[in-house]
Amino acid sequence: MKKWILILIAKLMVTSNLFAFQVVQGEGYQFVDISLKDTNRIICPVSIGQAIFSKEKNIQVKIAGQNAFVKIIPHQEFNPETGQQKLVYPSYPRELYLECGGKIFSLVLTPKDIPAETIALRLPAYEKEKAAEYEKSGPYRKTLLELIRSAYLEQPPEGYQVEEINQPLKNFDKIEVFLRRKMKGAHYVVYEYVITAKQKVNLDEIHFLHITRNPLAISLSKLILTEGETARLFIVSRKS
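Quick summary incoming for the structure in this document. (Residues numbered from 1 in each chain as written. Predicted model: local features only at pLDDT ≥ 70, side-chain atom pairs only at ≥ 80, totals over all residues. Heavy atoms only, no water.)

**A few points about the state of the cysteines**
Throughout this description, disulfide means a covalent bond between two cysteine sulfur atoms.
Step number 1: One pass over the structure, following the stated rule, counts one disulfide.
Step number 2: A sulfur-sulfur separation of 2.0 Å characterises the disulfide bridge that pairs C44 with C100. Taking the torsion about the S-S bond as the criterion, the C44 to C100 disulfide, at about 90°, is right-handed. Placement of the pair is C44 in the loop between β4 (40-43) and β5 (48-52) and C100 in strand β10 (residues 94-100), with a sequence separation of 56 residues. For the pair C44 and C100, a shared accessibility class is recorded, and that class is buried. (Disulfide = S-S within 2.5 Å. Helix = DSSP H or I, 4+ residues; strand = E, 2+ residues; numbered from the N terminus. Buried < 20%, exposed > 50% of the residue type's maximum accessible area, 1.4 Å probe, protein only.)

Right, here's the structure in full:
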């Protein structure tokens, strides 16, 4: 099979985590964590139709296209110890029903003392169609390059889904290799690995082609690592 070896000459930060969000799909009630004090975001692949919730439960929901912004509304309570009023954020769960792509998602929002959360609503059939359109939108080689660039920038193409893995790989002597995540479309999968050097080492893309099935393109962020340095490795494979 013909394989394209694509090299991106760039310094990448391995600490970023722009893909981190909660994913919701399927029937029935889905429990999700939200921030108690910050504004949370819920994303639908298409425009959100309507939101149904109880305003009596101190919750505010604003719809803007494909987004629903959710915030817990505090209330004033008298503090007998200080003799003053204080803001209280009620932390009990709330039900929220969102219409997304003609489907009603039943969410149970659990407020916690955490930063703002992003929740992604999934429509698998719609996403597969969009991913397939993207994959056919340009020349083959350019599509592979764009997929690596999308993973590099942590901006998945429309229809692509991200799965966090964080699984170590064995059988490497001078380096440690972790499968960090997969970015999956209709016909292609982009694997992202994090490589950490145990000692100074020279890397070559060809040495990593065996770690995935059906590889089509590969790219390393760095070719030379000193002890403790890290690099990101991207491999585009065809779905089995």
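**Quick word on helix α2 (residues 140-153)**
Step number 1: The end-to-end C-alpha separation of α2 is 20 Å, in line with the 20 Å expected for 14 residues at 1.5 Å each.
Step number 2: Turning to α2, its buried residues number three or more, namely T143, L144, L147, I148, S150 and A151. Viewed along the axis of α2, the buried residues span an arc of 160°, placing them on a single side of the element.
Step number 3: One or two residues past the end of α2 sits E154, with phi positive at roughly 60°. (Expected span 1.5 Å × (residues − 1). Arc of directions from axis to C-beta.)

**A closer look at the environment of E154**
Step number 1: Relative to the elements of secondary structure, E154 occurs in the loop between α2 and β13 (161-169).
Step number 2: Between the alpha carbons of E154 and M183 there is a distance of 9.6 Å; along the sequence they are 29 residues apart.

**Some words on the sheet that holds strand β11 (residues 103-112)**
Step number 1: Judged by pairing direction, the sheet is mixed, and its four strands sit side by side in the order β3-β11-β10-β5 without closing on themselves. The open sheet has two free edges, formed respectively by β3 (29-35) and β5, since each of these has just one partner strand. For this sheet the average axis-to-axis angle between neighbouring strands, irrespective of direction, equals 30°.
Step number 2: Where β3 lies against β11, seven bridges are found, and the strand directions are parallel. Directly across from Y29, in β11, lies its bridge partner S106. (Pairing = 2+ DSSP bridges. Axes fitted to C-alpha atoms, helices over the stretch in contact; angles between N-to-C directions.)

**What about the environment of T143?**
Step number 1: Structurally, T143 can be placed in helix α2.
Step number 2: Setting aside its immediate chain neighbours within four residues, T143 contacts E135, G138 and Y188.
Step number 3: Here G138 takes part through its backbone oxygen, which lies 3.5 Å from a polar atom of the side chain of T143. (Contact = heavy atoms within 4.5 Å. Polar contact = N/O pair within 3.5 Å; in protein donor to acceptor, adjacent residues only side chain to side chain.)

**Some points on the pairing of β4**
Step number 1: Of the two faces of β4, only one is covered, namely that formed by N40 and I42; the face formed by R41 and I43 stays uncovered.
Step number 2: Where β4 lies against strand β7 (residues 67-72), four bridges are found, and the strand directions are antiparallel. Each bridged residue has a counterpart across the sheet, and for I43 the counterpart in β7 is N67.
Step number 3: Here β4 runs beside strand β12 (residues 118-121); their pairing, made up of three bridges, is parallel. Each bridged residue has a counterpart across the sheet, and for I43 the counterpart in β12 is A120.

**Some points on unusual backbone geometry**
Step number 1: One non-glycine residue, N166, lies in positive phi territory at about 55°.
Step number 2: Within the element layout of this structure, N166 appears in strand β13.

**Focus: the pattern of salt bridges**
Step number 1: A complete count under the given rule lists 14 salt bridges for this structure.
Step number 2: K57 serves as the salt-bridge partner of E95, at 2.9 Å between the closest nitrogen and oxygen. In this pair, E95 sits in strand β10 while K57 sits in the loop between β5 and β6 (59-64), placing the two residues 38 residues apart along the sequence.
Step number 3: E95 gets classed as partly exposed once you look at its relative accessible area, which sits at 31%.
Step number 4: For E192, the salt bridge goes to R180, with nearest N and O atoms at 3.0 Å. Taken together, the residues E192 in strand β15 (residues 188-197) and R180 in strand β14 (residues 175-184) connect sequence positions twelve residues apart.
Step number 5: If you follow the salt bridges from partner to partner, you end up with E154, E164, R180, R181, E192 and R232 in one network. (Salt bridge = Lys/Arg side-chain N within 4 Å of Asp/Glu carboxyl O.)

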